[in-house]
Amino acid sequence: MTVLPPTLAQQPAATSVTPPPVSPRLVAAVVRGQRIAIPCFDWCVRDHSKEDLAFLEDLSHEGEEIALAAPEFGGVTEVLVASIRQWPFVNDEDRGLPYLGLDATGEGEAENLQKGAALAFADQLVAHAARIRQLAENMPD
Ligand SMILES: [Zn+2]
């Protein structure tokens, strides 16, 4: 017998049904001049119909890119450039799973972080931001 926490046990049965997973939408892609339908995710901003790929393995999904505008020598440089990416038809050690592409310096050197590693890095950033704030607050006026 399963014992639910009080908050879940008090809910009507209709709300305890888990909805089915959302299927990715089908979009057009072009491989060797042939239009095909591929599953694509809501987070993907790439227009797959605009590129003619040599191989299906060249197809990748890419989310919106974000960056931190950091002050540098009186100007601004973008660092911590990140986006969700996936190469669904590549059969490598990651089995085509989505990952966070991270370019820490903004110079094009990227690291691919799986979800757990990306969350751990985000936690490190939050802690680092708190330390920067603390340094700034402790500066003499
Ligand atoms: Zn896509």
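Going by the structure above, here's the rest.
All of these numbers come straight from a predicted model, not from anything done at the bench.

This brings us to the overall build of the protein chain. Across its full length, the protein chain carries 2 helices and 8 strands. Its helices and strands taken in sequence order, the protein chain reads α-β-β-β-β-β-β-β-β-α from the N to the C terminus. By the burial criterion, 8% of the 141 residues in the protein chain qualify as buried.

Bringing the pairing of strand β7 (residues 99-103) into the picture now. The pairing of strand β6 (residues 75-86) with β7 spans 5 bridges and is antiparallel. Bridging from a neighbouring strand, I84 pairs with L100 of β7. Of the pairings in the sheet, the one linking β7 to strand β8 (residues 111-113) comprises 3 bridges and is antiparallel in character. Following the sheet pairing, L100 is matched in β8 by L113.

Below, the discussion takes up helix α2 (residues 115-137). Every α-helix winds through 3.6 residues per turn, so residues three or four apart in the chain are directed the same way. Between the first and last C-alpha of α2 there are 33 Å, a value that for 23 residues agrees with the 33 Å anticipated at 1.5 Å per step. Within α2, only 0 of the 23 residues are buried, which leaves it mostly out in the open.

To continue, consider the pairing of strand β5 (residues 66-72). Counting buried positions along β5 gives 0 out of 7 residues, so the element sits mostly on the surface. Judged from the 6 bridges that link them, β5 and β6 form a sheet pairing that is antiparallel. Bridged to A70 within β6 is T77. Here β5 hands over to β6 after 2 residues, with F73 in that stretch at a positive phi of 50°.

Another aspect to go through is the sheet that holds strand β3 (residues 52-53). Two pairing modes exist for strands in a sheet, parallel and antiparallel, and in both the strands are linked by backbone hydrogen bonds. Across the sheet, 3 strands lie side by side as β2-β1-β3; this open sheet has mixed pairing. In the strand order of this sheet, the two ends are held by β2 (34-40) and β3, each with one partner. Note: strand β1 (residues 25-31) against β2, 7 bridges, orientation antiparallel. Bridge assignment links V30 to a residue of β2, and that residue is R35.

With that settled, the discussion passes to unusual backbone geometry. Within the chain, R32 stands out as a residue other than glycine whose phi angle is a positive 50°. Tracing the sequence through the fold places R32 in the loop between β1 and β2. Classification of R32 by C-beta neighbours within 10 Å gives exposed; the count is 10. A positive phi angle is found at F73, which is not glycine, with a value near 50°. Residue placement: F73 occurs in the loop between β5 and β6.

The rules behind each value
Residues numbered from 1 in each chain as written. Predicted model: local features only at pLDDT ≥ 70, side-chain atom pairs only at ≥ 80, totals over all residues. Helix = DSSP H or I, 4+ residues; strand = E, 2+ residues; numbered from the N terminus. Buried ≥ 20, exposed ≤ 12 C-beta atoms within 10 Å, placed from the backbone. Pairing = 2+ DSSP bridges. Expected span 1.5 Å × (residues − 1).

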